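Here are the chains, one letter per residue:
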Amino acid sequence: MELSGVNFDSYFETPSLSSAKADNKDKSAFSTILDSAANLITETNAYSNAAEEEEIKLALGETDSIHDLQIAQQKANVSLQYTVAVRDAFMSAYKEIMNLQI
């Protein structure tokens, strides 16, 4: 039974079946997070490369637009800051998990 995007069948399953499905969901969730992190790094690299290209164009005199250079540099800077913040949050969570006493 599904109502507005919520699947209620998972709430009424036996524990053995729901735990098997939970393992698959965890694996797919981890895979999704890992893919998202890889895409974030790729995007950050693309912004950095675009900023370098704008710097080279300006240095070679192919463009006179300092505005485009500053925009490309700012995009690269913000993207890098976001990537570092995500990495720091991930490392913090990892350290917290490693410090759990089971």
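Each chain carries its own residue numbering, running from 1 in the written order of its sequence. pLDDT decides what is reported in this predicted model: residues at 70 or higher carry local features, side-chain atom pairs at 80 or more are listed and counted, and totals for whole chains, interfaces and linings draw on all residues regardless. For side-chain calculations, the full set of non-hydrogen atoms in the structure is used, while hydrogens and water are omitted.

Let's shift gears to the pattern of salt bridges. By convention in these notes, a salt bridge is any Lys or Arg side-chain nitrogen within 4 Å of a carboxyl oxygen on Asp or Glu. Evaluated as defined, the whole model comprises two salt bridges. Close ionic contact of Lys 57 with Glu 54 constitutes a salt bridge, the shortest N to O distance being 4.0 Å. Highlighted residues: Lys 57 and Glu 54, both in helix α1 (residues 15–60), separated by three residues, approximately one helical turn. Relative accessibility thresholds used throughout: buried, under 20% of the residue-type maximum; exposed, over 50%; partly exposed, between the two (1.4 Å probe, protein chains only). The buried category is assigned to Glu 54, whose relative accessible area is 17%. For Asp 88, the salt bridge identified is with Arg 87, shortest N-O distance 2.8 Å. Counting from the N terminus, the helices are DSSP H or I runs at least four residues long and the strands are E runs at least two residues long.

Examined against the element boundaries, Thr 44 turns out to sit in helix α1. Among the residues examined, Thr 44 registers a relative accessible area of 9% and is labelled buried. Should any heavy atoms of two residues lie within 4.5 Å, those residues are considered in contact. Leave out the neighbours within four places in its chain, and Thr 44 touches Ser 79, Leu 80 and Thr 83.

You can see Thr 63 is positioned in the loop between α1 and α2 (66–98). A distance of 3.3 Å separates the side chain of Thr 63 from the backbone nitrogen of Ser 65, its partner in a polar contact. Residues contacting Thr 63, with those up to four places away along its chain left out, are Lys 57 and Leu 58. We define a polar contact as two N or O atoms separated by no more than 3.5 Å, with the added condition that, inside protein, one atom must be a possible hydrogen donor and the other a possible acceptor, whereas residues neighbouring each other in sequence contribute only through side-chain atom pairs.

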